[in-house]
Amino acid sequence: MRALASRLLQFVLTVWAATVAVFALMQILPGNAAQVAAGMSATAEDVARIEQEFGLDRPLIVQYGDWVTGMLQGDFGTSYVTDAPITPLVLNSIQVTLILVVSAMVLALLIAVPLGTLAALLRGRSLGAVLSGLSQVGVAVPNFLAAILLVMVFSLGLGWFPSSGWQAPIFGIGGFLSHLILPVFSLALVQGAILTRYVRSAVLEIMREDYLRTARAKGRTSASALAVHGLRNAAIPVVTVAGVQLATLLIGAVVIEQVFVLPGMGSELVRAVENRDLLAVQAIVMVLVFLVLALNLIIDLLYTLLDPRVRNAA
Amino acid sequence: MTTPAPPDSTASTGAPAADVPRTRSGRATELTFVVGLVLVGIVVVLALVSFVWTPHPPTQPDAAGRLEGMSAAHPFGTDRYGRDTLTWIMLGARVTLLVGIVAVGIAMLIGVPLGVLAGMTRARWLSGLIMRGNDLLLAFPALLLAIVFSAVFGPGTGPAMAALGIAAIPAFARVARSGTLQIMGREYIAAARTANRTPLQIAIQHVVPNIAGLIIVQASVTFALSVLAEAGLSFLGLGTQPPTPSWGRMLQESQQFLGSRPELAIWPGLFIAIAVLGFNLLGDGLRDRLDPTLRGRS
């Protein structure tokens, strides 16, 4: 319980430090935010009006306090550039991103667990080497390249799926899935290659454990010994890595959303950067960083649940 | 965070695994290293040759030959302005290597001293502070930090390199710290202490040389990740700006012509993959070469 409390405290402190870091980063901007929002041709009065309207003339510490208390109440403020509230934008886009990322992770695991286990069992044979080599190459392919290749083949070539766009599930599940499938595969193929390597290593590690040797000595084949005794143990490092990779996937989605013109957090982030809509950038970055930290927390907790050694030590 | 392995330091290698016949894995290791070296060599040679020779002048587009296929004059074809793709690939190799070198340099110069300090100090608050700072930085993935930098400082190669370097500091600090902790109990460290060497002398003469292998491996892996992140950033239009050639940008511009000229996407994509694969394999190969006790891991 004490370990749990201190882990939670650490989480809260890191989130707080991240808000300070994100806020501070936005303040080093050359020129000030009101100037940027008002545009090049703005007069001094325009700038002053924007400063006053959005409270940018107040001391930084007050602005920071305002921003954080706002977020705690689920309010990310109002954009200086578009004059629109930022919260709905975050709420709408986060759904798209989360659907994308979670489906990609599930698919990546469905690819990686069988392939990685197979690569471990076939170690030293040519098929095992081919699987390892393929996963090594897959790790080196950027997900946006995978996306472009998939569009070339399955959209422009075969015409099976649309090359871009998004359709919410309430407007028809078929359209939703057909728009989702290429983006998800773009993320999942590369992620699957990364995870395959971890699964292979984890399974190899487990295979030299004494209890598996005993099981084999008692007449089980490598595969059945592994299935009965090994996979749960191999799952521990894989779950950990998959969780950490969720954060990577979240950032990878930023690029993939751009390729497929999906209305997710990534597209909103890039648009906000291009419009120099700094408050929106600040909000989206904070949400992404929060998600990364929260994922890490969840993994740590899962890790303790899965592994009795850690659980009892804690 | 108690996650056992940061993705950036082990993404290309996975966890260790033993129980392998020596000879076979020795040969595989050798192959990994050589292939990595060759792939990295291709990128380096392209970049170096581009300083003295390119097939065509990069900034003089051939208006008559837009979007051409492969030919003797243009082995990789031309883009929508009639620019020679091979020339642009060669020039793009420069940016790729520059970004990798600077990002790795920043991360190493800041991360290694911090990690060694955290490993050597007896003040628990100091090592705690460094490692908590590390954890905070880990919450900002490289590409995200690079996007933030482009928002704050404007898009460009400079902010990209700085952001990627800063984002990679935790990986180096972790590796340096765990390496330092491992050797702090050795006799030669105790001997140096007895000989009244200052901590700084010990760090420079004994600690850094002994963890150099680990650092070089990390540098290779970080290089690969930086190449990927820069390509992604330029693909978003927030990294290297035109008219400087970059592979990520070329890939982005190719999207309009996917139906008619797919090779415009294939070439930059292929070279990004070559660079990343090369540095990943080089890292794997170096790991086994530099540390014989690790032989047999793959």
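Residues numbered from 1 in each chain as written. Chains lettered and ligands numbered in written order. Predicted model: local features only at pLDDT ≥ 70, side-chain atom pairs only at ≥ 80, totals over all residues.

Chemist: For this particular structure, what's the right way to read the overall build of chain B?
Modeler: Scanning chain B for helices and strands turns up eleven helices and zero strands. Ordered by position from N to C terminus, the α and β elements of chain B give α-α-α-α-α-α-α-α-α-α-α. Considering chain B as a whole, with its 298 residues, one finds that 48% of them fall into the buried category. Here the contacts in chain B between residues at least 6 apart in sequence split such that 74% fall between residues at least 24 apart. (Helix = DSSP H or I, 4+ residues; strand = E, 2+ residues; numbered from the N terminus. Buried ≥ 20, exposed ≤ 12 C-beta atoms within 10 Å, placed from the backbone. Contact = placed C-beta atoms within 7 Å.)

Chemist: Any chance you could explain the overall build of chain A here in plain terms?
Modeler: Within chain A, the regular secondary structure consists of 13 helices and zero strands. In chain A, the order of α-helices and β-strands from amino to carboxyl end is α-α-α-α-α-α-α-α-α-α-α-α-α. For chain A, the C-alpha atoms occupy an extent of roughly 85 × 60 × 35 Å along the three principal directions. If you take every contact in chain A between residues at least 6 apart in sequence, the share linking residues at least 24 apart comes to 68%.

Chemist: Honestly, the UniProt feature "transmembrane region" (unreviewed entry) in chain A in this entry has me stumped. Any pointers?
Modeler: Residue and element names in this part refer to chain A. When the UniProt feature table is mapped onto this chain numbering, "transmembrane region" (unreviewed entry) sits at residues 98-122, 134-158, 170-190, 234-260 and 280-306. For residues 170-190, the helix share is 86%, the strand share is 0%, and the end-to-end C-alpha distance is 29 Å. Overall, residues 280-306 shows 100% helix and 0% strand. The separation of its end C-alpha atoms is 38 Å. (UniProt positions renumbered as here; feature names shortened; annotations may be inferred.)

Chemist: Explain unusual backbone geometry here, please?
Modeler: When glycine is set aside, most residues are seen to have a negative phi, and most peptide bonds are trans. For the peptide bond that leads from Pro 242 of chain B to Pro 243 of chain B, omega is 10°, which places it in the cis range. Mapped onto the elements of the fold, Pro 243 of chain B is located in the loop between helix H9 (199-235) and helix H10 (247-254). Of note in this structure, Arg 276 of chain A is not a glycine but carries a positive phi near 55°. With respect to the secondary-structure elements, Arg 276 of chain A resides in the loop between helix H11 (265-274) and helix H12 (278-306). Within the chain, Asn 196 of chain B stands out as a residue other than glycine whose phi angle is a positive 65°. Examined against the element boundaries, Asn 196 of chain B turns out to sit in the loop between helix H8 (187-194) and H9.

Chemist: Before we go on, may I ask you to explain the interface of chain B and chain A in this structure?
Modeler: Accessible area lost when the parts come together is the quantity often used to give the size of an interface. Listed by partner, the interface residues are 44 residues for chain B and 54 residues for chain A. Going through the elements one at a time, helix H4 (124-138), helix H5 (142-153), H9 and helix H11 (263-290) of chain B are the ones with two or more residues in the side of chain B that touches chain A. Of the residues assigned to the side of chain B that touches chain A, the class counts are 31 nonpolar, ten polar and three charged. (Nonpolar A, V, L, I, M, F, W, Y, C, P; charged D, E, K, R; others polar.)

Chemist: Is there a simple way to think about the nonpolar core in this case?
Modeler: If you look at the biggest cluster of nonpolar residues, it comprises 170 residues, and the most contacted ones within it are Val 281 and Val 289 of chain A together with Leu 145, Ala 146, Leu 164, Phe 172 and Val 276 of chain B. Composition of this core by domain shows at least three residues from each of domain 1 (2-86) and domain 2 (98-313) of chain A. Each residue touching Ala 146 of chain B, except ones within four places of it in the same chain, is listed here: Ala 160, Ala 163, Leu 164, Ala 229 and Leu 233 of chain B. (Core = buried A, V, L, I, M, F, W, Y, C linked by C-beta atoms within 7 Å. Domains from an automatic or database assignment.)

Chemist: I'm lost on the packing of helix H3 (residues 85-120) of chain B against helix H6 (residues 157-167) of chain B in this one. Help?
Modeler: Residue and element names in this part refer to chain B. Their axes nearest at 7 Å, the elements H3 and H6 cross at an angle of 40°. By the criterion of interaxial angle, the relationship of H3 to H6 is oblique. The way H3 lies across H6 gives a crossing that is right-handed. The segment H3 lies against H6, with Val 95, Val 99, Val 102, Ala 103, Gly 105, Ile 106 and Ala 107 engaging Thr 157, Ala 160, Met 161, Ala 162, Leu 164, Gly 165 and Ile 166. Taken together, the residues that form the contact of H3 with H6 break down as eleven nonpolar, three polar and no charged. (Axes fitted to C-alpha atoms, helices over the stretch in contact; angles between N-to-C directions. Parallel < 35°, antiparallel > 145°, perpendicular 65-115°, else oblique. Left-handed = near helix turned anticlockwise from the far one by under 90°.)

Chemist: It is not clear to me how the UniProt feature "domain: ABC transmembrane type-1" (unreviewed entry) in chain B should be interpreted in this structure. Could you clarify?
Modeler: Here the UniProt-annotated "domain: ABC transmembrane type-1" (unreviewed entry) positions come out as residues 93-283 of chain B. Annotated as 81% helix and 0% strand, the span residues 93-283 of chain B places its first and last C-alpha atoms 19 Å apart.

Chemist: What is the right way to look at the UniProt feature "transmembrane region" (unreviewed entry) in chain B in this model?
Modeler: With numbering aligned to this structure, UniProt lists the feature "transmembrane region" (unreviewed entry) at residues 31-53, 95-116, 136-154, 160-176, 207-229 and 264-282 of chain B. Annotation note: span residues 160-176 of chain B, helix share 94%, strand share 0%, distance between end C-alpha atoms 24 Å.

Chemist: Sorry, what's going on with the domain arrangement of chain A here?
Modeler: Residues and elements named next belong to chain A. Split by domain assignment, chain A resolves into domain 1 (2-86) and domain 2 (98-313). The partner domain 2 presents 15 residues to the 18 residues of domain 1 that form the contact. Elements with a minimum of two residues in the side of domain 1 that touches domain 2: helix H1 (2-27) and helix H2 (33-38). For the side of domain 1 that touches domain 2, the element with the highest residue contribution is H1, accounting for eight residues. Taken together, the residues of the side of domain 1 that touches domain 2 sort by class into twelve nonpolar, five polar and one charged.

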